[in-house]
Amino acid sequence: DGWNVRYVRLDDEGNAGTFGEEVRRAVKDIRPDRILVTEPGEWRVEEMIRDWRERFDCEIKLLRDRRFLSTRQEFADWAEGRKELRMENFYREMRKATGLLMEDGKPVGGQWNFDRDNRKPPKNRHDIPDRPRFEPDEITVNVIKMVEDRFPDRFGQIEPFNFAVTKGDAEKALDHFISECLPMFGDYQDAMVTGEAFLYHSLLSTYINAGFLDPLKTCQAAEATYVKGNAPINAVEGFIRQIIGWREFIRGIYWMKMPGYEDENFFDAKEDLPDFYWTGETKMRCISEVVRQTREYAYSHHIQRLMITGNFALLAGIDPKQVHEWYLAVYADAYEWVEMPNTIGMALFADGGLLASKPYSASANYINKMSDFCGNCSYAHNQKTGDRACPFNSLFWDFLDRNRDKLANNHRMGMMYRNLDRKDDKELAKLRERAENVLEKMRSGAL
Ligand code: FAD
């Protein structure tokens, strides 16, 4: 398009090593009349831009971030004066505003949300389509080499590298998802299968977050497939809700709560993040499998992030800030605006229920129902106490017990507390003892 580009490589001589200092160096060299910058996705960068206004003698203009459909102001207006912020209400507004899956002002299919159809446990065998692979080009090969040299102790496995790194290839990934995976996306959205990190998920978050894919066009592609009769409503509505509902809502929450969101700690959780989040070395099959996938692909799907690694951190009382730093480090799609509310708000309930109406806490019962992990595990999913009992079980009851004053009044937790209250003192004492024993093992690296 005729733009001159100043391209600074990480290993260029003179690279100041930080974004802020590099902008300062460029301003000194180029002496621009004005700086045009897309509104940042991170509080830290917004602070930096505020600082530019004082330090640089030029106009600074913020441009709208087109990676989102709503503006930050629109979200703030919607949130203003509401007692409760619930994604579902925001999502309905977004459906009306975009016209996606709408007919004469009404939701297509007669209801807004088909989530109830999207919770099937895995089948014995899934025929999962192979994903397109994108051969690294010369630039990517050089970057891989640079990362290998500079970050020898990194967590993730760098090769094989299959990500799209251009808009064109990201569009091919979208086309492939829409034609091959979307029809099954809804049914098995919550299922977890050993050795199948992707199932029917889109793997598009990295591309949408980086700006390769436009969120509206991505949703319109899904809608068109429904109109042609090639994918069912539960799959298409579910996919569109993740993007125009959850993704936009999460971003709105981030800006509403920053700065300081990362310091929230409703349960006063203080345990250190166990080493097995990095090594995968634990006898808990579900966690070792999710960490393995994470290391290999810089990816794991939503339910694995939420109900395996997130749920364990919630139940075991791990310090939210350490959990947040882990999620931010390990996933290719991780940007603070999306990772932080998902971790602090959704997975850990550390904001006390601003984002979620109740904690996503679950025992081994849920994991066993929705995955095949428990079959080959050293721990027994159906035991609550004793050395072989799955750690999730005693931790689950202990979590409810120890946080009674904070949760018992939540009407969505009523059934769980009624079940807890049915336990006699002897059983409760055994559960507490097992939970303490699990935590000790976690601290000493023997879990
Ligand atoms: P699909 O299941 O195919 O969903 C389609 C799209 O919907 C995604 O590509 C994404 O753009 C959007 N989406 C779905 N769920 C969410 C959500 N909860 N929040 C925002 N967008 C959503 N997502 C990130 O993009 N970056 C993160 O750093 C991130 N960290 C997370 C941390 C935790 C603890 C949890 C519980 C969730 C996190 N998520 C994050 C949300 C979600 O897990 C990922 O967006 C999703 O797994 C990406 O895989 P996919 O593209 O195959 O998604």
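Refer to the structure above for everything that follows.
Figured I'd write up the structure that's included with this text. (Residues numbered from 1 in each chain as written. Predicted model: local features only at pLDDT ≥ 70, side-chain atom pairs only at ≥ 80, totals over all residues. Heavy atoms only, no water.)

**Structural notes on the site of the ligand**
The environment of the ligand is made up of 30 residues, and the closest members are His201, Ser202, Leu203, Asn209 and Tyr299. Interatomic distance of 2.9 Å between a side-chain N/O atom of Asn209 and an oxygen atom of the ligand. Contributing elements (two or more residues each) for the shell around the ligand: α7 (205-210), α9 (233-257), α12 (302-316) and α14 (336-347). Residues that form the shell around the ligand fall into these classes: 16 nonpolar, ten polar and four charged. (Near = heavy atom within 4 Å. Polar contact = N/O pair within 3.5 Å; in protein donor to acceptor, adjacent residues only side chain to side chain. Helix = DSSP H or I, 4+ residues; strand = E, 2+ residues; numbered from the N terminus. Nonpolar A, V, L, I, M, F, W, Y, C, P; charged D, E, K, R; others polar.)

**Quick word on the pairing of strand β1 (residues 34-38)**
Across the two faces of β1 the burial differs, with Ile35 and Val37 buried and Arg34, Leu36 and Thr38 not buried at all. Where the polypeptide runs from β1 across helix α2 (residues 43-55) and back to strand β2 (residues 59-63), its parallel neighbour, the crossover connection is right-handed. (Buried < 20%, exposed > 50% of the residue type's maximum accessible area, 1.4 Å probe, protein only. Right-handed = clockwise from strand over helix to strand, strands pointing away.)

**Concerning the pairing of β2**
Pairing of β1 with β2, which is carried by five bridges, proceeds in the parallel orientation. Across the sheet, the residue bridging to Ile35 is Ile60, located in β2. (Pairing = 2+ DSSP bridges.)

**Here's the deal with the pattern of salt bridges**
Opposite charge on two side chains permits them to pair, given that their charged atoms come into close proximity. A complete count under the given rule lists 34 salt bridges for this structure. As a salt-bridge pair, Lys120 and Asp187 come within 3.6 Å of each other at their nearest N and O atoms. Within this pair, whereas Lys120 is found in the loop between β4 (106-107) and α5 (138-150), its partner Asp187 is found in the loop between α6 (167-185) and α7, the two being separated by 67 residues in sequence. Overall, Lys120 belongs to the partly exposed group, its relative accessible area being 36%. A salt bridge links Glu296 to Arg292; the shortest N-O distance between them is 2.8 Å. Of this pair, Glu296 and Arg292 both sit in helix α11 (residues 285-297), four residues apart, roughly one helical turn. Look at Glu296 and you get partly exposed, because its relative accessible area is 26%. Through salt bridges with shared partners, a single ionic network connects Glu46, Glu47, Arg50 and Arg72. (Salt bridge = Lys/Arg side-chain N within 4 Å of Asp/Glu carboxyl O.)

**Quick notes on the packing of α12 against helix α13 (residues 320-330)**
Here α12 crosses α13 at 150 degrees, and the two axes come no closer than 10 Å. As summarised for this structure, α12 and α13 are arranged roughly antiparallel, according to the angle between their axes. At the point where α12 passes α13, the crossing takes the right-handed sense. Where α12 abuts α13, its residues Arg305, Thr309, Gly310 and Ala313 lie against Val323, Trp326 and Tyr327. For the contact of α12 with α13, a count of residues per class yields four nonpolar, two polar and one charged. (Axes fitted to C-alpha atoms, helices over the stretch in contact; angles between N-to-C directions. Parallel < 35°, antiparallel > 145°, perpendicular 65-115°, else oblique. Left-handed = near helix turned anticlockwise from the far one by under 90°. Contact = heavy atoms within 4.5 Å.)

**Overview of the nonpolar core**
With 117 residues, the main nonpolar core has Leu182, Leu204, Phe249, Ile287, Phe312, Phe392 and Leu400 as its most contacted residues. Take this core: its biggest share by element is 13 residues, from α9. Look past the residues within four positions of Leu204 in its chain and what remains in contact with it is Ala173, Leu174, Phe177, Leu213, Thr218 and Phe239. Membership of the second largest hydrophobic core comes to eleven residues, among which are Val23, Val27, Val37 and Phe56. (Core = buried A, V, L, I, M, F, W, Y, C linked by side-chain atoms within 4.5 Å.)

**Let's talk about the packing of aromatic side chains**
Using the criterion set out here, one finds 34 aromatic pairs in the structure. Ring geometry for Phe75 against Phe90: centres 5.3 Å apart, planes inclined by 65 degrees, an arrangement best described as edge-to-face. In this pair, Phe75 sits in helix α3 (residues 72-79) while Phe90 sits in helix α4 (residues 87-98), placing the two residues 15 residues apart along the sequence. Taking relative accessible area as the criterion, Phe75 reaches 3% and is therefore assigned buried. With a relative accessible area of 3%, Phe90 lands in the buried category. (Phe/Tyr/Trp six-rings, centres within 6.5 Å; stacked < 30°, edge-to-face > 60°.)

**Some points on a nonpolar patch on the surface**
On the surface, a nonpolar cluster with roughly 660 Å² of combined accessible area is contributed by Trp3, Val5, Tyr7, Ile139 and Val143. Residue position: Ile139 is located in helix α5. Among the residues examined, Ile139 registers a relative accessible area of 55% and is labelled exposed. (Patch = residues over 30% accessible without salt bridge, like charges linked within 9 Å, V, L, I, M, F, W, Y side chains within 5 Å. Areas by Shrake-Rupley, 256 points an atom, 1.4 Å probe, with all protein chains shown as cover.)

**Here's the deal with unusual backbone geometry**
Of the consecutive residues Glu159 and Pro160, the connecting peptide bond is found in the cis state with omega at 0 degrees. Its place among the elements puts Pro160 in the loop between α5 and α6. Along the chain, Met258 connects to Pro259 via a cis peptide bond; the corresponding omega equals 0 degrees. Within the secondary structure, Pro259 is located in the loop between α9 and α10 (276-279). In this structure, Leu101 is a non-glycine residue whose phi angle is positive, near 50 degrees. Relative to the helices and strands, Leu101 resides in the loop between α4 and β3 (102-103).

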